Amino acid sequence: MAHGHVELTQEQTVIPQGHPWRTKLPLIAGVIGVGGLVLSYLAVMGHVVEAKAFFHSYLTAFLFTMSLSLGGLLFVLIQYVTRAGWSIVVRRVAENAMATLPLMAILFIPIVLGLHDLYHWSHHEAVAHDPVLKAKAGYLNEQFFYYRAGGYFVIWILLSFIYYRGSVKQDKSGDKKITRRLQNLSGPGIILTALTLTFAAFDWIMSLDPHWYSTIYGVYYFSGSLVAIFAFLSISIIAMQSAGLLEGVVTTEHYHDLGKLLFGFTVFWTYIAFSQYFLIWYANIPEETLWYAHRSVGSWQKMTTFMAVGHFVLPFFYFLTRSTKRHRFALLVGAMWMLMMHFIDMYWLVAPSLHHEGVVFGLIDVTTLLGIGGLFLAFFTWNLRRNPLVPIKDPRLQESLRFENF
Amino acid sequence: MAAKNPKPHGLLAQFDTASAIYSACEKIRDDGFKYWDAFTPFPVHGLDKAMGLKRSMLPWIVLVMGLTGASGGMLLQWWVSVKAYPLVISGKPLFSWQAYVPITFELGVLFGALGAVFGMFHLCRIPQHYSPLFKSERFESVTDDKFFIAIEAEDPKFHPEETAQYLESLGATHVEMVEQ
Amino acid sequence: MTQSLAEKYRPENLEAYDPIGGRHPLVIGGETLHDITELVCRPIERKTPKAWWAFFLFSASLLGIFGMSIAYLFWEGTGIWGLNNPVGWGWAIVNFVFWVGIGHAGTLISAILYLFRQKWRTGINRSAEAMTIFAVMCALTFPGIHVGRVWAAYWMFPIPNQMGMWPNFRSPLLWDVFAVSIYGTVSVLFWFTGLIPDLATMRDRSKTKIKRIAYGIFALGWRGSNRHWQHYEVAYMILAGLSTPLVLSVHTIVSFDFAVSQLPGWHTTIFPPYFVAGAIFSGFAMVLTLMIVTRKIFGLENIVTIRHFENMSKIILVTGSIVGYAYGMEFFISWYSGNPYETFTFVNRAFGPYAWAYWIMISCNVITPQIFWFKKARTSIPILFVASIFVNIGMWFERFVITVTSLSRDFLPSSWDYFSPTIWDISCLVGSFGLFFTMFSLFVRFLPQVAMAEVKAVLPEADPHYHPGDAHHAEAEGAH
């Protein structure tokens, strides 16, 4: 363990004036974001793309970006509940990811507008003739859907606000009582987040196929979000260090841990994904297998195989060695690959309910992703400038700075 | 059995703290000794580097064993279910790779674990129930709370009196000669 | 005024100790390296205490009951149990899953807490790993004895035979055979590897030649060579890295016994992580129960501290919550699915003939762990002891509720029937505890129940950069 007190300078903890991350990056990201959304809108208005296709692409991009925001919230809560010491230097970055939740709430509105195009259970005439859908109409109806979504966002925004504000307040006061309070709240916070995330996954993704159900579905989206946040943290911190920020603050030791956790949660995702698939395959009950049947038709089968290889086999062997996780560029490449695979995972969850015969990847998928992703990045980087890049007076900061891995 | 004045095994020096043995090891490494070792009641953090040891190759042994186990498991199940004793079970294909995953995985882990343990035994050359060092009574405390360094007579830089003085200068609280 | 470590870590001074910004010390009372050796070895070396004899003889008599029950079972057949049509799976599989689950905590403590750098595991991992091995032994007896035609048990293994017959690799029951026996094997390997340095300690302290040879043989000539420690540490980390997915996969495969079926209440995708969480839940409760007792009897309070118990109770709270989450998901989706058989199953569990078992399960598994939100409960030995026993009772009932309610009332009402245990079901369960406690009492009598080398390695003085009076280091190495 490195010893002695590590003193941080102003340059290490704040984005300097005139730095591109302070000025240019939020602007560029914002322009791409707005541009992407405008282009998508125009494509629909100009009948280049069907409204249905637009809403499905939008939902995919939204779910992908949402998993980053929620992943940030989950990361912060988990670090508090486990009283972790290694992660203090990266926590502020995750806090800024979760600070985008209010933006995501606004970006949810198009999904509300596209409800009819997305969700079969909102087609009242069809539901009236379908006993299964009629039985669950008490849950799957527009009103309750809106109230639930509102509830989820209220809880997430409230939690993220409490944690962000507490952390930032501690930058000035160094008050240990804040840590104590946030630790005590993190247990109930995780339970609340787990439940709301689960039902959000049920509502927004699982109900795309309203006859189908899976008790593990919430855990599936949860596992994907954790893969996403660890990939995102790795990428953004490596990018920040390349731009001269956080120098000497985040070290190889921290990257090693981020890499380990990325590896671990990739394996966890695989475990959940395989469990769900395997049990449904084995029992072979048609009302369950239909979901996988949709994903083994035509080119969907190719994508499914590609996910098995790209989301598990390759990253498993790639991240296995110690040296990969400790090498910045290797970690960057691996993390970018995982983030891409996570997007493909979201696409694979959503798109088969629109394109039944095969993969139809269009420009609209790109513009919606750029749109929502760009706005997310803009908000994220804009938040980064407002506060120090690390919680400078966190009581466990020294432990984090001196941290040494196995 | 022992010849008269047999060549000694080496010098055994006792140290009382982890930090003492750590700094001693760094110096011995830097001074170019080859046939020597440190003995501690528990693994001391960073001592491998202080001794200049190369990374262990155990992980590679484990990887090979693990892959062997996993592929062997898949092969066994394929052969049994497709060639040796094909049965149609609830309409599942003869080669139901999905169903073969659990045992494949388990056998991979088993062989990996066997590789780790027996690979470690091999790399350490244990069991090795005899060592000249066991002749020293003081050495019994190596599994309790004391630390030792042994420089073997085989080392080109070894000299009975000079090396003993050298060890004392490094902070050893006691130095003794150990017979073969 | 600089306090000495011994002063600082005295139990009375700990309340004032600030856990934020520093960490709780792992070993209290200022114990030195030598103190650790003495504390752990002394109970094994002195004369056998009377309490041990009482416990051992009691356990051995339960083991005798187990032996008698098994003998009668082999003689008469599985009809002596309460199994009927439709409940063809009864207490045997419930006990099997129960014991496998308990075993999982040992591996979690050894392997997963190691990977998460939780140094506090060193006080409890030896006992927990031993507990795993004995739990797996208990678990494996049930599939072994329940086959009916015991002389045909070798059919389970893929060995060439005169009939040219091979086992069915598509059956989860066969995956169990592999998974649980491999789990037992790897657990023994891991436990033994950890024991080697401590066996060397026992060898070097032995006063009689017999003891020296006995411990010495198994110590394999270990002498603390750092060249050996290097490979040893790598092997240990690899074993931890292998055991982690192993423990997750074993109880997942056990859950597959139920989940690959088509039975409502059994076939549900959340079973794998739900079973794993439940296993850790019950396992930690059993570790708590055992360690509360042994720590008192063997005077290990400074090594297995109240902080250890607090951390364990937090893990019990987390895993209990995951189990509660799974209950909630099953319940919600059983309605959401619109499948009347699914919905019926869950209503039947709560209000049907087995409602009594269901509500025992809920109060023990969901309600009881909630007290651990309160620090007072987490640090009170009586509450910890009682709660841990309730948790294990609850987890036995959970497996019972899952197995029996779904079988006793499935698709066709004319096939419904009620299962009641016979005296032989009960004697086998009680007897398995006899096996478990007999093995455990032998363990504490002859082997060091704390991993001495590992505990020593997390003392502040084990750090080569440690200087007495260096506050930062003492605090940085610690439990939460």
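Remember, it's a predicted structure, so these values are computed and weren't measured experimentally.

Calculation criteria
Residues numbered from 1 in each chain as written. Chains lettered and ligands numbered in written order. Predicted model: local features only at pLDDT ≥ 70, side-chain atom pairs only at ≥ 80, totals over all residues. Heavy atoms only, no water. Contact = heavy atoms within 4.5 Å. Buried area = accessible area lost by both parts, 1.4 Å probe. Salt bridge = Lys/Arg side-chain N within 4 Å of Asp/Glu carboxyl O. Polar contact = N/O pair within 3.5 Å; in protein donor to acceptor, adjacent residues only side chain to side chain. Helix = DSSP H or I, 4+ residues; strand = E, 2+ residues; numbered from the N terminus. Nonpolar A, V, L, I, M, F, W, Y, C, P; charged D, E, K, R; others polar. Phe/Tyr/Trp six-rings, centres within 6.5 Å; stacked < 30°, edge-to-face > 60°. Buried < 20%, exposed > 50% of the residue type's maximum accessible area, 1.4 Å probe, protein only. Lys NZ or Arg CZ within 6 Å of the ring centre and 35° of its normal. Pairing = 2+ DSSP bridges. Axes fitted to C-alpha atoms, helices over the stretch in contact; angles between N-to-C directions. Domains from an automatic or database assignment.

> Looking at this model, I keep getting lost on the interface of chain C and chain B. Mind explaining?
Each side of the interface is counted separately: chain C has 62 residues, and chain B has 69 residues. Across the chain C to chain B interface the summed buried area is about 5600 Å²; carbon plus sulfur atoms make up 69%. The tally of links between chain C and chain B comes to two salt bridges. C:Arg212 serves as the salt-bridge partner of B:Glu140, at 3.6 Å between the closest nitrogen and oxygen. There are 25 residue pairs in polar contact (both at pLDDT 80 or more) connecting chain C and chain B. Elements with a contribution of two residues or more to the side of chain C that touches chain B: helix 3 (33-45), helix 7 (172-205), helix 8 (209-219), helix 9 (226-259) and helix 17 (452-457) of chain C. Counting residues per element, the side of chain C that touches chain B draws most heavily on helix 9 of chain C, at 19 residues. Its residues assigned to classes, the side of chain C that touches chain B shows 36 nonpolar, 17 polar and nine charged.

> What's the story with the packing of aromatic side chains in this structure? I'm lost.
Within a pair of aromatic rings, the relevant descriptors are the distance that separates the centres and the angle that separates the planes. Taken as a whole, this structure holds 110 aromatic pairs over all chains when the rule is applied. Aromatic pair B:Trp79 and C:Trp166: ring centres 5.2 Å apart, planes at 85°, arrangement edge-to-face. Taken together, the residues B:Trp79 in helix 3 (residues 58-84) and C:Trp166 in the loop between helix 6 (125-145) and helix 7 connect one chain to another. Judged by relative accessible area, which is 38%, B:Trp79 ranks as partly exposed. Here the aromatic rings of C:Phe66 and C:Phe142 are separated by 6.0 Å at their centres, their planes lie at 45°, and the arrangement is tilted. In this pair, C:Phe66 is assigned in helix 4 (residues 50-76) and C:Phe142 in helix 6, connecting sequence segments 76 residues apart. A relative accessible area of 3% means that C:Phe66 is categorised as buried. Every member of this aromatic cluster is reached through a ring pair, and the members are C:Phe55, C:Phe98, C:Trp99, C:Phe134, C:Trp191, C:Phe433, C:Phe436, C:Phe437, C:Phe440 and C:Phe443. A cation over an aromatic ring shows up here: A:Lys136 above the ring of C:Tyr336, its NZ or CZ 4.1 Å from the ring centre. When the ring centre of A:Tyr139 is taken as origin, the NZ or CZ atom of A:Arg148, which lies over that ring, is 3.6 Å away.

> Which parts of the structure should I look at to understand the pattern of salt bridges?
Opposite charge on two side chains makes pairing possible when the charged atoms of those side chains draw close. On inspection of all chains with the given rule, the structure shows 21 salt bridges over all chains. Linking A:Arg91 and A:Glu95 is a salt bridge whose minimum nitrogen-to-oxygen distance equals 2.7 Å. Remark: A:Glu95 and A:Arg91 occur in helix 4 (residues 88-98); sequence separation between them is four residues, near one turn of the helix. Using a relative accessible area of 0% as the deciding quantity, one classes A:Glu95 as buried. Between C:Arg126 and C:Asp198 there is a salt bridge, with its nearest N and O atoms 2.8 Å apart. Of this pair, C:Arg126 sits in helix 6 while C:Asp198 sits in helix 7, and the two are 72 residues apart along the sequence. Each of the two residues, C:Arg126 as well as C:Asp198, counts as buried. A single network of salt bridges, built from pairs that share partners, joins A:Arg91, A:Arg92, A:Glu95, A:Asp171 and A:Asp394.

> What is the right way to look at the interface of chain B and chain A in this model?
Quite often, the size of an interface is put as the accessible area lost when its parts meet. Opposite the eleven residues of chain B that make contact, chain A presents ten residues. Around 860 Å² of area is buried between chain B and chain A when both sides are counted, 70% of it from carbon and sulfur atoms. Seen at the junction of chain B and chain A, the total is zero salt bridges. Between chain B and chain A we count two residue pairs in polar contact (both at pLDDT 80 or more) in total. Contributions of two or more residues to the side of chain B that touches chain A are made by helix 3 and helix 4 (97-124) of chain B. Among the elements that line the side of chain B that touches chain A, the one with the most residues is helix 4 of chain B, at four residues.

> What am I meant to see in the sheet that holds strand 3 (residues 147-152) of chain B here?
In any sheet, the strands associate via hydrogen bonds between backbone groups, in a parallel or an antiparallel arrangement. All names here are of chain B. Pairing is antiparallel across the open sheet formed by four strands, whose spatial order is 2-3-1-4. Either end of the sheet is taken by a strand with one partner, and the two such strands are strand 2 (36-39) and strand 4 (174-178). Between one strand axis and the next, the sheet turns by 20° as a mean value, whatever way the strands run. By the bridge criterion, five bridges tie strand 1 (residues 10-15) to strand 4 in an arrangement that is antiparallel. Bridge pairing in strand 4 places Leu12 opposite Glu176.

> Which parts of the structure should I look at to understand the domain arrangement of chain B?
Taken as a whole, chain B is organised into domain 1 (8-55 + 130-179) and domain 2 (58-123). Each of domain 1 of chain B and domain 2 of chain B has a C-alpha centre, and the two are 44 Å apart.

> Please clarify how the pairing of strand 1 of chain B should be interpreted in this entry.
Residues and elements named next belong to chain B. For strand 1, a buried count of six out of six residues is recorded, marking the element as mostly surrounded by other parts of the structure. Taken together, the six bridges between strand 1 and strand 3 define a ladder with antiparallel strand orientation. Bridging across to strand 3, Ala13 finds its partner in Ile149.

> Sorry if this is basic, but what is going on with the environment of A:Pro16 here?
By the secondary structure assignment, A:Pro16 is in the loop between helix 1 (10-13) and helix 2 (24-45). Accessibility expressed as a relative area gives 37% for A:Pro16, which makes it partly exposed.

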